[in-house]
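Structural overview
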Amino acid sequence: MAHVRYEPALGATPQLDFGNPRSANWSEFEGDLDNCGYDANAVRIIRDTRLAFARSDMPRSAYWTTPDDVDSITDIPYLDDGVRGHLLDLYLPHDAVIRAGTGYPVYIDIHGGAFVYGYKELNRNFNMTLARHGFAVFSLNYRPAPQADFIGQLHDIAAALAWIGEHGRAYPIDLDHVFLTGDSAGGALAFYQTAIQSDSAMANAYGVTPSGLHITGLATVSGLFDLSPYTPNDQGETRAISAAPGNVVAAIGPQFFKRLAHIDPSYRFSDAIVRNTTVPPMYLVTSSDDFIESESLALATCLSRRHVDFELHDTKTHPGAPLGHVYSVCMSWIPESETVFKQIHAFSYRLLN
């Protein structure tokens, strides 16, 4: 196992070697920020957020592995436009390739990163581990902000699902049992996308043609679900700006969620979506030291009131053993994460019929 020396960030802006081969393909950093249409404060916060996230991911990346029993097919374009945000990967248990059957249910993973950071490569270890627990796993790119707004990202993901629906049967997978998963901001995108794919009225509200895939269930890791504090009102103001200065989602909110403010209220925010659409069974995991723990708890309460099938797992941390935000994605090798993978397997396989 390689060892990485931890060096804490100094100053207001963390420094990162953009040429480092382990970080160069993780995310956009600065190339898409010139003349992007966001104000100078939002641009600064996006850049600082990307650098800070990459710096925290660097020491963890030394623990990423490539298991012999998982095959990968990478950088498949789901839209033929040469845009990096329109690529996907597929991870398959090697046993599926050998058997050439179609028995493995499918997970489609939507990575997090506050809507501004990351590409599918960041979730590679999570997806390989998920594949080892009995799933075929598609891992999606989508255009990060400011390249796309929230609805643009949903359209990207819908296009990826349409590609999977059209081409997926070329692989030894079970397209009759498809699950979505997402962490943090990816949890919001997965939740909204699941409702879009499951409800024609919501799909119409967002201008999306459903892929035809039946979404059997949804698993979220430290998801962000309540977007109302970040969505501008008629005056272009958001509740989150004054409450959370420096928060990247709050900073980009007026621009990033501008079109969301004009969506039919029945399909705009999580509580209304649960009331007015068909939400499939959900698995939610968070931890007691997750800074948005309350998001999963609040959505679970909403699901409970509407009698939606769900599981909530809120892991209690212990002194000297913090977990934090999206721990099963960032640290997929620790025992607490292994428990999450076993829970996801049990949740998903009980829904197969």
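Below is a summary of the structure that appears in this document. No experiment lies behind these values; they were computed from the predicted model shown.

A few words now on the overall build of the protein. Per the secondary structure count, the protein includes twelve helices and eight strands. Across its three principal directions, the C-alpha atoms of the protein cover 55 × 50 × 45 Å. Burial status across the protein gives 58% buried among its 353 residues. Excluding contacts between residues fewer than 6 apart, the proportion of contacts in the protein whose partners are at least 24 apart in sequence is 75%. Accessible surface, the protein: about 15000 Å² in total, of which carbon and sulfur atoms supply 50%. On the protein, the mean spot of the 24 positive side-chain charges and the mean spot of the 40 negative ones are 3 Å from each other.

Here we take up helix H10 (residues 293–305). In this model, H10 (13 residues) spans 19 Å end to end at C-alpha, consistent with the 18 Å of a helix rising 1.5 Å per residue. For H10, the full list of buried residues reads Glu293, Glu295, Ser296, Leu299, Ala300, Cys302 and Leu303. In this fold, the buried residues of H10 make contact with helix H5 (185–198), helix H9 (270–276), strand S7 (282–287) and strand S8 (310–315). Positive backbone phi, approximately 60°, marks His307, located one or two places after H10.

Applying the stated rule across the entire model yields 19 aromatic pairs. Aromatic ring contacts, followed pair by pair, group Phe115, Phe150, Phe191, Tyr192, Tyr206, Phe225, Phe256 and Phe257 into a single cluster.

Evaluation of the coordinates by the stated rule reveals 17 salt bridges. The salt bridge partner of Asp149 is Arg259, with a shortest N-O separation of 2.7 Å. Taken together, the positions of Asp149 in the loop between strand S4 (136–140) and helix H4 (150–167) and Arg259 in the loop between helix H8 (248–256) and H9 put the pair 110 residues apart, joining distant regions of the chain. By relative accessible area, Asp149 is classed as buried at 15%.

Within the largest apolar cluster, 86 residues are counted, with the highest numbers of intra-cluster contacts made by Ile108, Phe115, Phe150, Phe191, Tyr192, Tyr206 and Leu227. When residues of this core are assigned to their parent elements, the largest contribution, ten residues, is made by H4. Counting residues in each nonpolar core, the second largest holds 26 residues, with Ala219, Val221, Val285 and Leu351 among its members.

Quick look at the sheet that holds S4 now. Taken in spatial order, the eight strands make up an open sheet running S1-S2-S4-S3-S5-S6-S7-S8, and their pairing is mixed. What marks the edges here is a single partner per strand, and that holds for strand S1 (70–77) and S8. Geometrically, the sheet is characterised by an average inter-axis angle of 15° between neighbouring strands, direction not taken into account. Direction of pairing for S7 relative to S8: parallel, over a ladder of six bridges. Of the residues in S8, the one forming a bridge with Ser287 is Thr315. Contacts from helix H3 (residues 124–132) reach S1, strand S2 (87–93), strand S3 (105–110), S4 and strand S5 (174–183), with the element oriented near 35° to S2. Sitting on the sheet, H5 touches S3, S5, strand S6 (215–221) and S7, and the angle it makes with S5 is about 145°.

Further remarks concern the packing of helix H1 (residues 40–61) against H8. Between H1 and H8, the least distance of the axes is 9 Å, while the angle of their chain directions is 140°. As far as their axial angle goes, H8 and H1 are oblique. Crossing of H1 against H8: the hand is left-handed. From H1, Ala42, Ile45, Ile46 and Thr49 reach across to H8, where they touch Val248, Ala251 and Ile252. Residues of the contact of H1 with H8, tallied by class, amount to six nonpolar, one polar and no charged.

Along any regular strand the residues' side chains alternate between the sheet's two faces. Burial analysis of S4 places five of its five residues in the buried class, which makes it a mostly covered element. Here S4 shows a buried face lined by Ala136, Phe138 and Leu140 and a second buried face lined by Val137 and Ser139. With four bridges connecting them, S2 and S4 associate as antiparallel partners. Looking at the pairing, Leu88 lines up with Leu140 of S4. Across five bridges, the pairing between S3 and S4 is parallel. Counted as the bridge partner of Tyr107 is Val137 from S4.

Analysis parameters
Residues numbered from 1 in each chain as written. Predicted model: local features only at pLDDT ≥ 70, side-chain atom pairs only at ≥ 80, totals over all residues. Heavy atoms only, no water. Helix = DSSP H or I, 4+ residues; strand = E, 2+ residues; numbered from the N terminus. Buried < 20%, exposed > 50% of the residue type's maximum accessible area, 1.4 Å probe, protein only. Contact = heavy atoms within 4.5 Å. Areas by Shrake-Rupley, 256 points an atom, 1.4 Å probe, with all protein chains shown as cover. Lys, Arg positive; Asp, Glu negative; His and termini not counted. Charge placed at Lys NZ, Arg CZ, Asp CG, Glu CD. Expected span 1.5 Å × (residues − 1). Phe/Tyr/Trp six-rings, centres within 6.5 Å; stacked < 30°, edge-to-face > 60°. Salt bridge = Lys/Arg side-chain N within 4 Å of Asp/Glu carboxyl O. Core = buried A, V, L, I, M, F, W, Y, C linked by side-chain atoms within 4.5 Å. Pairing = 2+ DSSP bridges. Axes fitted to C-alpha atoms, helices over the stretch in contact; angles between N-to-C directions. Parallel < 35°, antiparallel > 145°, perpendicular 65-115°, else oblique. Left-handed = near helix turned anticlockwise from the far one by under 90°. Nonpolar A, V, L, I, M, F, W, Y, C, P; charged D, E, K, R; others polar.

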